[in-house]
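As a plain string of letters, each chain reads:
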Amino acid sequence: MPLTHTEFFARVKRGEIARAYLFEGLEEYVKESALEALRRAILPQGLEPLNESVLTNPTASALVECAETLPVLADRRLVVVRECALVTAEKAAANAQDAQRLASYLDALPETVCIVFYCKGLADGRKKLTQALCRKGAAVRFDPLGDAELVKWISARLRAQGKTIAPAVALHLSFVSGRALAGLSQEIGKLAAYVGERQEITQEDVERVATRTAECTVFALADALVAGREAEAFRLLNALVEHGEGRIGALAMIARQYRNMLHAKLLNSAGVPQDQIAAKLGVPAFAVRKLLSQAQKESAAALREKLDLCVETDYAIKSGRLREEAGLSRAMLRLCAHANAAQGQQ
């Protein structure tokens, strides 16, 4: 099993540094922080340029030659290998002989080197070198932080700037601006500057200052559609389009939202815990609570009907029977009309 980032940092802190690592996963900020932790642990201050090499998709010969080079006034040198076709999911051709040579070389790595195969995103588990690194226990998986860990991370970053934030507000920030730590780091800086001398970050501050992701806007759009608030729904759609989302993409996001509402409602009715619903839908637990809140306003049959409307509209646009703008506008008008009709019957 790959190491988690928590296990990796703990081992580095204890001075347990392997000769080879495979860094993979979707959380790039923590991944870069892990590489920086290795730099601090391995490279003597002032001698970093002499003892670190960064290679981009090297041949096996070039990598071996670099790994065999002795460090200068240090115990180890650090070799960072980026965009290596032998481990990444990119379609770039991988040399089978190079893969076999490097897989075998892992057993012969000198004690004077630490090699990091750094993947942006996920590695390709089908590739020979990836499998060899995993067998050697060299793989470190950088997954997005869970809710509790994310709250702790946001709170620590704000505490370093003399600010506090309640756990619920921290989760709201992650919902509004996304869970990628690189983006959140920027939002935290903006919030700290916005509140000035005031210590506590409030939900109102987040609403006023934080940059909204497309996902957050789609949740708000779904809220408007479910409530039949036509003007608000079209305003939010225009915001999506202005930020570069195509209308076909926006329709797909609306359809996904109704699909997730339906599935969340059915799973919740069957007694499935919210953390398991989150895992099945592939969304954070915080998002599940919002989905269930939206789904409470609709019956399962109504949600199915609205999902079918989105799917039918998508097909009509792609088959040329409807233009994108007209098709999406008509679908949204019908969704709002259904919601208002249902409210009138209550």
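A brief structural summary. (Residues numbered from 1 in each chain as written. Predicted model: local features only at pLDDT ≥ 70, side-chain atom pairs only at ≥ 80, totals over all residues. Heavy atoms only, no water.)

Opposite charge on two side chains permits them to pair, given that their charged atoms come into close proximity. Within this structure, the stated rule accounts for 19 salt bridges. Among the ionic pairs, R19 bridges to E111, the shortest N-O distance being 3.5 Å. With R19 in the loop between α1 (5-13) and β2 (20-24) and E111 in the loop between α5 (96-105) and β5 (113-118), this residue pair connects regions lying 92 residues apart in the sequence. Its salt-bridge partner being E187, residue K190 comes within 3.1 Å of it at the nearest N-O pair. (Salt bridge = Lys/Arg side-chain N within 4 Å of Asp/Glu carboxyl O. Helix = DSSP H or I, 4+ residues; strand = E, 2+ residues; numbered from the N terminus.)

Turning our eyes to something else, we now look at the nonpolar core. Y21, F23, L38, V116, I154, L225 and Y258 are the most contacted members of the largest nonpolar core, which totals 84 residues. Those residues in contact with V116 that lie beyond four places of it in its chain are Y21, F23, L35, L38, L78, V79, V80 and V81. If you look at the next biggest cluster of nonpolar residues, it comprises 29 residues, including V64, L102, A123 and L133. (Core = buried A, V, L, I, M, F, W, Y, C linked by side-chain atoms within 4.5 Å. Buried < 20%, exposed > 50% of the residue type's maximum accessible area, 1.4 Å probe, protein only. Contact = heavy atoms within 4.5 Å.)

With that out of the way, let us pick up the packing of helix α13 (residues 247-269) against helix α16 (residues 300-318). Contact geometry of α13 with α16 gives a least axis separation of 9 Å together with a crossing angle of 155°. It follows from the interaxial angle that α13 and α16 lie roughly antiparallel. Viewed along their axes, α13 and α16 form a crossing whose handedness is left-handed. Judged by residue contacts, I248, L251, I254, A255, Y258, R259, M261, L262, K265 and L266 of α13 engage A300, L303, R304, K306, L307, C310, T313, D314, I317 and K318 from α16. In terms of residue class, the contact of α13 with α16 is made up of 13 nonpolar, one polar and six charged. (Axes fitted to C-alpha atoms, helices over the stretch in contact; angles between N-to-C directions. Parallel < 35°, antiparallel > 145°, perpendicular 65-115°, else oblique. Left-handed = near helix turned anticlockwise from the far one by under 90°. Nonpolar A, V, L, I, M, F, W, Y, C, P; charged D, E, K, R; others polar.)

Limitation: the analysis is restricted to geometry and does not speak to function.
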